[in-house]
Amino acid sequence: MSADQEQRTIRCLVAKVGLDGHDRGAHVIARAFRDAGFEVIYSGLHRAPEEIVQAAVQEDVDVLGISILSGAHNTLVPKVIEGLKEYDAFDDTLVLVGGIIPDEDKDELLEMGVAEVFGPGTPMEETVEFVEEHAPER
């Protein structure tokens, strides 16, 4: 932990939503976030959007990282965002999406409130720095 980093630990939920069975990337992200000093909860595979929302709200996370490789991001991410809004948790949750997202879909995700979309090969340091700089103040 650097001297200028706040004392409060950033709480992150790394989530696999839908039927996507690939979780190596989610584990790599979770490990990188832990190494950066974040508190990390991992959802496990095959979670419904409602389950992800429930976990994010119950764990009072600052950051929700959705890992999605199945191509169902246009269906699943809006459901997660709607759920967070229903619980009044959207405004104080930094929503990130990682995975294989076509460029034409990236803008749509950003417009609906995703803070950033990280594609394959994004350096871990870049993702960690983004979280450190953008995690909501509490």
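Before reading on, note that the structure itself is shown above.
Residues numbered from 1 in each chain as written. Predicted model: local features only at pLDDT ≥ 70, side-chain atom pairs only at ≥ 80, totals over all residues. Heavy atoms only, no water.

Enquirer: Explain the layout of surface pockets to me, using residue names and the numbers behind them.
Expert: Each pocket or cavity is described by its volume, and for the largest pocket that value is around 410 Å³. In terms of lining, the largest pocket is formed by 23 residues, of which the most central are Gly25, Ile29, Gly98, Gly99 and Phe118. Of all the secondary-structure elements, those providing two or more residues to the lining of the largest pocket are β1 (11–16), α1 (24–35), β3 (63–68), β4 (94–99) and α5 (124–134). When residues in the lining of the largest pocket are grouped by element, the largest group, 5 residues, is from α1. Looking at the lining of the largest pocket residue by residue, the class counts come to 12 nonpolar, 10 polar and 1 charged. (1 Å grid on protein atoms, 1.4 Å probe; cavity = no way out; pocket = protein on both sides within 12 Å on 5 of 7 lines; lining within 4 Å. Points joined across faces, edges and corners; volume = space filled by probe spheres on them. Helix = DSSP H or I, 4+ residues; strand = E, 2+ residues; numbered from the N terminus. Nonpolar A, V, L, I, M, F, W, Y, C, P; charged D, E, K, R; others polar.)

Enquirer: Just give me the short version of the sheet that holds β4, but keep the residues and values in it.
Expert: Within a sheet, each strand pairs with its neighbour through backbone hydrogen bonds, oriented either parallel or antiparallel. The sheet built from 5 strands is open, its strands ordered β2-β1-β3-β4-β5 with parallel pairing. Where the open sheet ends on each side, the last strands, each with one partner, are β2 (39–42) and β5 (116–118). For this sheet, the mean inter-axis angle between neighbouring strands, taken without regard to orientation, is 20 degrees. Two elements, β1 and β2, share 4 bridges in a ladder whose sense is parallel. Note on β2: the bridge partner recorded for Leu13 is Ile41. Relative to the sheet, helix α2 (residues 49–58) contacts β1 and β3, its axis offset from that of β1 by approximately 170 degrees. With respect to the sheet, α5 is in contact with β3, β4 and β5, its orientation differing from that of β4 by roughly 170 degrees. (Pairing = 2+ DSSP bridges. Axes fitted to C-alpha atoms, helices over the stretch in contact; angles between N-to-C directions. Contact = heavy atoms within 4.5 Å.)

Enquirer: Which residues make up the nonpolar core, and what values do they have?
Expert: Leu64, Ile66, Leu84, Val97 and Val114 are the most contacted members of the largest nonpolar core, which totals 23 residues. Elements represented by at least two residues in this core include exactly β1, α2, β3, α3 (73–86) and β4. Counting residues per element, this core draws most heavily on α3, at 5 residues. The contact partners of Ile66, leaving out residues within four places of it in the chain, are Ala15, Val17, Val77, Val80, Val95, Leu96, Val97 and Gly98. Membership of the second largest hydrophobic core comes to 17 residues, among which are Ala26, Phe38, Val40 and Ala135. (Core = buried A, V, L, I, M, F, W, Y, C linked by side-chain atoms within 4.5 Å. Buried < 20%, exposed > 50% of the residue type's maximum accessible area, 1.4 Å probe, protein only.)

Enquirer: Would you mind going over the packing of α1 against α5 in detail, with residue names and values included?
Expert: As a packed pair, α1 and α5 sit with axes 10 Å apart at the nearest point and diverge in direction by 60 degrees. Put simply, α1 runs oblique to α5. Crossing of α1 over α5 shows right-handed handedness. Each of Val28, Ile29, Ala32 and Phe33 in α1 lies in contact with α5, whose residues at this interface are Met124, Thr127, Val128 and Val131. Of the residues that constitute the contact of α1 with α5, the class distribution is 7 nonpolar, 1 polar and no charged. (Parallel < 35°, antiparallel > 145°, perpendicular 65-115°, else oblique. Left-handed = near helix turned anticlockwise from the far one by under 90°.)

Enquirer: Describe the packing of aromatic side chains, naming the residues involved and giving the relevant values.
Expert: Scanning all chains against the criterion turns up 2 aromatic pairs. Judged by centre distance (5.2 Å) and plane angle (65 degrees), the ring pair of Phe33 and Phe38 falls under edge-to-face. Given a relative accessible area of 5%, Phe38 falls into the buried group. When the centroid spacing of 5.7 Å and the interplanar angle of 80 degrees are considered together, the rings of Phe118 and Phe130 count as edge-to-face. Of the two residues, Phe118 sits in strand β5 while Phe130 sits in helix α5, which places them 12 residues apart along the sequence. Since its relative accessible area comes to 10%, Phe118 is described here as buried. Residue classification places Phe130 among the buried residues on the basis of a relative accessible area of 14%. (Phe/Tyr/Trp six-rings, centres within 6.5 Å; stacked < 30°, edge-to-face > 60°.)

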